[in-house]
Number of protein chains: 2
Amino acid sequence: MSILVVGSVAFDTVFTPSGEGRDLLGGSATHFSVAASYFTPVRLVAVVGDDFGEEHLAVLREHRVDLEGLRRIRGGMTFRWSGKYADNLDDRETLETQLNVFADFDPVLPPEWATTPVVFLANIDPDLQSRVLEQTSRPVLVAADTMNYWISSKREELRRTLAGVGLFFINDSEIRQFTGRFNLVQAAEAVREMGPDVVVVKRGEHGVLVFAGEDVFALPAYPLRRVVDPTGAGDAFAGGFLGYVGSRLDHWPPDWRKAAVVGSVLASFQVESFSLDRIRRLTLPEIRERYEEFGKLTRFGELE
Amino acid sequence: MSILVVGSVAFDTVFTPSGEGRDLLGGSATHFSVAASYFTPVRLVAVVGDDFGEEHLAVLREHRVDLEGLRRIRGGMTFRWSGKYADNLDDRETLETQLNVFADFDPVLPPEWATTPVVFLANIDPDLQSRVLEQTSRPVLVAADTMNYWISSKREELRRTLAGVGLFFINDSEIRQFTGRFNLVQAAEAVREMGPDVVVVKRGEHGVLVFAGEDVFALPAYPLRRVVDPTGAGDAFAGGFLGYVGSRLDHWPPDWRKAAVVGSVLASFQVESFSLDRIRRLTLPEIRERYEEFGKLTRFGELE
């Protein structure tokens, strides 16, 4: 089984309380692909420029990410983002965005990828997300992410995309903005009425809430002693989550709870370093060990 | 076994997105006492004025709270607080504080209460907290709470109090303010160096973190469809937590995880109504049922 991801591949310059990193390999599809690759083969649809070198491709290749859908624009520059995190690591300010080749991104799927069973529409223009969906042929699961920018500027387009989405990842502040509901239970209900059966509310350092049918699952984040860089945590989360789901398609519906824990494991590793330094060097025993630590962290006995 | 609580008994006027309530029975010691009473008999040390009537005493009496330490000041008025919650129910603005008889509160323990095994110093002036401790005789557990006001204005006094405290309840924003550390693992370590073995970080709608020795426990909050009034949630949490601990003193150390779940159960009921309307009418089966719901909410299986 495979997962198809459409999203950004980028160079990030980030300033965090732990330090700074310049022109680091990043982008939603990059973090997602590497995280998911520990469980399921990944097919990447994205665009880069001439400045995207062999050393960057190597990070994806070493995780067996299929790059047939990665388009390189001759004479173009790769998408660049720069941001600065506040001391709380939660608030961040965008210092600069250079869309570059991403400005004209028109995702085209290699024809044989149309039947990929799991499709992840990372945080891109909802119109592009819809255009990707039109190129797919009855995937088992379509998952999507978004951001505050699209909620403000393309609300109706996002709603249209969501009609074809089965699982929606969204931040707590974004779901409140999107639905106008502060209560997350009510906000998730409102989103589920737009299409997605499963709503996964990402709460950063506070963990995650999964709404799937009548089932509600809450998982705290892993309390790390040191967070180096939160960039890419949400994408690594989605990658771990959907990578796990993709590896279990013979059991439908998959165990969304376990998927959320795997996602949280990958996110917790993601924030321990800049760029993909930590998650590109993971081992399955390390992933499994932290999964078990999540169990120890959250478990409690029955009331006498 | 009994628990001694020293704190405020008050009348609250609150404005929340769900409505408003005027001159409602409240105060840290009130919420705490009723919540704890479901597990352990409570001894209350507090002060009220002439305006504190039989109907208010009845709420405490119906939970068998021992009122020998409740002093009534003739010609005085009970402490009054008024506040307004933002739509997010997290930020709140204090509209008015009338200390009234609380301004000269000098807690005096009935002598036979000195040996009460569990002592809870609710959020009052750290100097008063210390004065209460001086009147106790080797309790099994001293727990304390505080607030941002004392952290700013009486930091050193608070540190002195903490040297005699075994368990400290504190909000996430307050522990950051108190320790200057944004990372909660590091902040809890800093507090534990001041005395408390157990640090319980209350995160409101995001749940709770318990640091006890090498053990870390994280519990999300119960995702309610409707929160009416967050006032008193932290005190009801402490009440459920310590009420459970007080009922299990024959097993030392108590199961801090179970205590945190019981506290979260009481807090979840607390916020479902104004004042003590919900928590004063609880039954043990209701408490037990929600405890089990916390289990269902957080449980997940092993990774295949």
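Data block above holds the structure.
Residues numbered from 1 in each chain as written. Chains lettered and ligands numbered in written order. Predicted model: local features only at pLDDT ≥ 70, side-chain atom pairs only at ≥ 80, totals over all residues. Heavy atoms only, no water.

Draft legend 1. Representation of the sheet that holds strand 2 (residues 10-16) of chain A within the structure. Residue and element names in this part refer to chain A. Spatially, the four strands line up as an open sheet ordered 3-2-6-7, and their pairing is mixed. Of all the strands in the sheet, just strand 3 (19-26) and strand 7 (92-98) have a single pairing partner and so form its edges. For this sheet the average axis-to-axis angle between neighbouring strands, irrespective of direction, equals 15 degrees. One ladder, built from six bridges, connects strand 6 (residues 79-85) with strand 7; its direction is antiparallel. Among the inter-strand pairings, Gly 83 is bridged to a residue of strand 7, identified as Thr 94. (Pairing = 2+ DSSP bridges. Helix = DSSP H or I, 4+ residues; strand = E, 2+ residues; numbered from the N terminus. Axes fitted to C-alpha atoms, helices over the stretch in contact; angles between N-to-C directions.)

Draft legend 2. Fine view of the sheet that holds strand 13 (residues 215-219) of chain A. Residues and elements named next belong to chain A. Sheet architecture is open: nine strands sit in the order 5-4-1-8-9-10-11-12-13, paired in mixed fashion. Looking along the sheet, the strands with just one partner apiece sit at the ends: strand 5 (66-72) and strand 13. Here the strands of the sheet are splayed against their neighbours by 15 degrees on average, with no regard to which way each runs. This element, helix 8 (residues 233-246), spans strand 1 (3-6), strand 8 (118-121), strand 9 (141-144), strand 10 (167-171), strand 11 (198-202) and strand 12 (208-212) of the sheet and lies at about 160 degrees to strand 10. (Contact = heavy atoms within 4.5 Å.)

Draft legend 3. Here's a closer look at the relation of the copies chain B and chain A. Screw-axis analysis of chain B against chain A gives a translation of 0.0 Å along the axis, an RMSD of 0.0 Å, and a rotation angle of 180 degrees. Expressed as a symmetry operation, the mapping of one chain copy onto the other fits a two-fold axis. Mapped onto chain A, 100% of the interface residues of chain B again fall at the interface, so both copies present the same surface. (Least-squares fit on C-alpha atoms with pLDDT ≥ 70 in both.)

Draft legend 4. Structural context of the packing of helix 8 (residues 233-246) of chain B against helix 9 (residues 256-270) of chain B. Residues and elements named next belong to chain B. Packing of helix 8 against helix 9 leaves a shortest axis separation of 7 Å and a crossing angle of 140 degrees. In this view, helix 8 runs oblique relative to helix 9, as classed from their interaxial angle. With respect to the hand of their crossing, helix 8 and helix 9 are arranged in right-handed fashion. Residues Ala 233, Ala 236, Phe 237, Gly 240, Phe 241, Tyr 244 and Val 245 of helix 8 touch helix 9, and the partners they reach there are Trp 256, Lys 258, Ala 259, Ala 260, Val 262, Gly 263, Ser 264, Leu 266, Ala 267 and Gln 270. By residue class, the composition of the contact of helix 8 with helix 9 is twelve nonpolar, four polar and one charged. (Parallel < 35°, antiparallel > 145°, perpendicular 65-115°, else oblique. Left-handed = near helix turned anticlockwise from the far one by under 90°. Nonpolar A, V, L, I, M, F, W, Y, C, P; charged D, E, K, R; others polar.)

Draft legend 5. The arrangement of the interface of chain B and chain A in detail. Taken residue by residue, the interface counts 43 residues in chain B and 43 residues in chain A. Of the roughly 3,900 Å² buried between chain B and chain A, counting both surfaces, carbon and sulfur atoms make up 54%. Linking chain B to chain A there are ten salt bridges. For Arg 203 of chain A, the salt bridge goes to Glu 205 of chain B, with nearest N and O atoms at 3.6 Å. Put simply, chain B and chain A have 30 residue pairs in polar contact (both at pLDDT 80 or more) between them. (Buried area = accessible area lost by both parts, 1.4 Å probe. Salt bridge = Lys/Arg side-chain N within 4 Å of Asp/Glu carboxyl O. Polar contact = N/O pair within 3.5 Å; in protein donor to acceptor, adjacent residues only side chain to side chain.)

Draft legend 6. Highlighting the pairing of strand 5 (residues 66-72) of chain B. Inspection of the sheet shows strand 4 (residues 42-48) of chain B paired to strand 5 of chain B by five bridges, in the parallel sense. Looking across to strand 5 of chain B, one finds that Val 48 of chain B is bridged to Arg 72 of chain B.

Draft legend 7. Here's a closer look at the environment of Ser 33 of chain B. All names here are of chain B. For Ser 33, the position within the fold is in helix 1 (residues 28-36). Sequence separation between Ser 33 and Thr 94 is 61 residues, and the spatial gap between their C-alpha atoms is 24 Å. Setting aside residues no more than four positions away along its own chain, Ser 33 makes contact with Val 5, Val 42, Leu 44, Leu 60 and Val 65.

Draft legend 8. Spotlight on the environment of Asn 88 of chain B. All names here are of chain B. Of note, Asn 88 is situated in the loop between strand 6 (79-85) and strand 7 (92-98). Asn 88 gets classed as partly exposed once you look at its relative accessible area, which sits at 29%. Here the side chain of Asn 88 touches Asp 90 through a polar contact of 2.8 Å, landing on its backbone nitrogen. Polar side-chain contacts of Asn 88 include one of 2.8 Å to the side chain of Asp 91. (Buried < 20%, exposed > 50% of the residue type's maximum accessible area, 1.4 Å probe, protein only.)

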